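# Chains, contacts and geometry: an overview
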Amino acid sequence: MSGEADPHAPVALRRLDLLIAGVRAGRGGAVAVTGEPGVGKSALLARLAARAPGMTVLTAAGAPGEAALPYAALGDLLRPLRDRIAQLPPPQARAVGAAFALRAGDLNPYHVCLSTLNLICVAAPALVIVDDVDLIDPPSATALFFAARRIRSDGVGMVFAARRKPEVPGVGELPLCARPEVLDGLTQRETEVVRAIAGGLSNPEAATALRLSRKTVETHLSSAYRKLGVRSRTQLVRYLAAFVALPSPREFPEAAPPGLRHIGNFRTGEKT
């Protein structure tokens, strides 16, 4: 990625490209991508992660069954940086080590928050992506939002996906609107088919997800190509990307088959 937004990307992705450009220039920031389930938040975050070459990309996602496990999400996010825990100030190293069950010791929440901030910042330029942040365990959320408020002068970008914006000062909002029921010029069924195909499904997978025959999928796809003036999947994706965040295969569960860089100065404990 260059320092400028890609003019061919959808509007939401262009705004996040600007966040990445700022991070590369040493300016941090945090934003929440919000919207109801199915509007494309997960797909947008996946595409964003691929647009940050040369940066440290840290990811995590909330899971309903793990919301009661303290620091589960934070442990997933910071796993690639665990070898740097020993370089933290001793109180922070002890606290985060205890939080991740790496050692016995006192678990001071404030020290865990500081260690989270420090570990992320020394990995700069860094992009932190947390999907379904409204489902992560509360202690992890506290540490991440603590960091989000304090990265303005660091090369760190933090992007959260949630149904509603977290009530955290300093975290902006990027709302995604629901996709239109029918794309302009297409029938309802053609719209469903092109979204599935553009979202990464093969023709047989789309047929399974939409409960159609493969021949029916091919017929609707050919008709949509003709109406939209495109000739390939690549052109189809580019066309749709100008209007909506594309779905990802995880939004079609029916189609699923069976079965670091230089170390900087650490903050030591002063409250902000």
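This one's a predicted model, so the numbers in the text were calculated from it and none came from an experiment. (Residues numbered from 1 in each chain as written. Predicted model: local features only at pLDDT ≥ 70, side-chain atom pairs only at ≥ 80, totals over all residues. Heavy atoms only, no water.)

## Digging into the packing of helix 5 (residues 109-121) against helix 6 (residues 138-148)
To be explicit about the condition: To obtain an axis, a line is fitted to C-alpha atoms, over the contacting stretch when the element is a helix, and the angle between two such axes runs from 0 to 180 degrees between their N-to-C directions. Secondary structure elements follow DSSP: runs of H or I of four or more residues count as helices, runs of E of two or more count as strands, with numbering from the N terminus. When describing relative orientation, an angle under 35 degrees is termed roughly parallel and one over 145 degrees roughly antiparallel, while 65 to 115 degrees is termed roughly perpendicular and anything else oblique. The crossing is said to be left-handed when, going from far helix to near helix, the turn is anticlockwise and less than a right angle, and right-handed when the turn is clockwise. By definition in these notes, contact holds between two residues if any of their heavy atoms fall within 4.5 Å. Each residue receives one of three labels: charged for Asp, Glu, Lys and Arg, nonpolar for Ala, Val, Leu, Ile, Met, Phe, Trp, Tyr, Cys and Pro, and polar for the others, Gly being one of them.
Following both chains from N to C, one finds helix 5 and helix 6 inclined at 55°, their axes separated by 8 Å at the closest point. Taken together, the axis directions place helix 5 and helix 6 in an arrangement best described as oblique. As helix 5 packs across helix 6, the resulting crossing turns out to be right-handed. Counted together, Tyr110, Cys113, Leu114, Thr116 and Leu117 of helix 5 and Thr142, Ala143, Leu144, Phe146 and Ala147 of helix 6 form the full contact between these two elements. For the contact of helix 5 with helix 6, the per-class residue count stands at eight nonpolar, two polar and no charged.

## Structural notes on the packing of helix 4 (residues 90-99) against helix 5
Running from N to C, helix 4 and helix 5 cross one another at 100°; their axes reach a closest spacing of 8 Å. Classified by the angle between their axes, helix 4 and helix 5 sit roughly perpendicular to one another. Residue-level contacts link Pro91, Gln92, Ala95, Val96 and Ala99 of helix 4 to His111, Val112, Leu114, Ser115 and Asn118 of helix 5. For the contact of helix 4 with helix 5, the per-class residue count stands at six nonpolar, four polar and no charged.

## Brief notes about the confidence of the model for the protein
As a reminder of what qualifies: Values of pLDDT, ranging from 0 to 100, describe the predictor's confidence in every residue of the model.
On average, the protein scores 84 in pLDDT, and the residues at 70 or more come to 82%. In this model, residues 248-268 is a region of pLDDT below 50 whose contacts with residues beyond four sequence positions or in other chains number 56 contacts.

## Overview of the pairing of strand 2 (residues 56-61)
The line we're drawing: Relative accessibility thresholds used throughout: buried, under 20% of the residue-type maximum; exposed, over 50%; partly exposed, between the two (1.4 Å probe, protein chains only). Two strands qualify as a pair provided DSSP detects at least 2 bridges between them.
Only one face of strand 2 is covered, namely the face carrying Thr56, Leu58 and Ala60; the face carrying Val57, Thr59 and Ala61 is uncovered. Where strand 2 and strand 3 (residues 126-131) come together, six bridges link them in parallel fashion. The partner of alanine 61 across the bridge, within strand 3, is aspartate 131.

## Thoughts on the nonpolar core
Using the following cut-off: Buried residues of nine kinds, namely Ala, Val, Leu, Ile, Met, Phe, Trp, Tyr and Cys, make up a nonpolar core once their side-chain atoms join them within 4.5 Å.
By size, the foremost hydrophobic cluster in this structure holds 44 residues, and its most contacted members are Leu74, Leu77, Leu78, Met158 and Phe160. Breaking this core down by element, the ones donating at least two residues are strand 1 (29-34), strand 2, helix 3 (72-78), helix 4, helix 5, strand 3, helix 6 and strand 4 (156-162). Those residues within four positions of leucine 78 in sequence are excluded, and the remaining contacts are Leu58, Phe100, Thr116, Leu119 and Ile120. Membership of the second largest hydrophobic core comes to 21 residues, among which are Leu186, Leu201, Leu212 and Tyr225.

## Considerations on the environment of leucine 13
The topology assignment puts leucine 13 in helix 1 (residues 11-24). Distance from leucine 13 to leucine 45, taken between C-alpha atoms, is 8.9 Å for residues 32 residues apart in sequence. Each residue touching leucine 13, except ones within four places of it in the same chain, is listed here: Leu44, Arg47, Leu48 and Arg51.

## Quick notes on the packing of aromatic side chains
The following threshold applies: In this analysis, rings of Phe, Tyr and Trp, with Trp reduced to its six-membered ring, are considered paired at centre separations within 6.5 Å, and the interplanar angle assigns stacked below 30 degrees, edge-to-face beyond 60, and tilted for intermediate values.
Using the criterion set out here, one finds two aromatic pairs in the structure. Ring centres of tyrosine 110 and phenylalanine 146 lie 6.0 Å apart, and the angle between their planes is 80°; on these two criteria the pair is classed as edge-to-face. Here the residue tyrosine 110 occupies a position in helix 5, and phenylalanine 146 occupies one in helix 6, the gap between them amounting to 36 residues. A relative accessible area of 22% means that tyrosine 110 is categorised as partly exposed. With relative accessibility at 12%, the residue phenylalanine 146 sits in the buried group. Here phenylalanine 145 and phenylalanine 160 contribute two aromatic rings whose centre-to-centre distance is 5.2 Å and whose plane-to-plane angle is 80°, an arrangement assigned as edge-to-face. Of the two residues, phenylalanine 145 is situated in helix 6 and phenylalanine 160 in strand 4; the sequence distance between them amounts to 15 residues.

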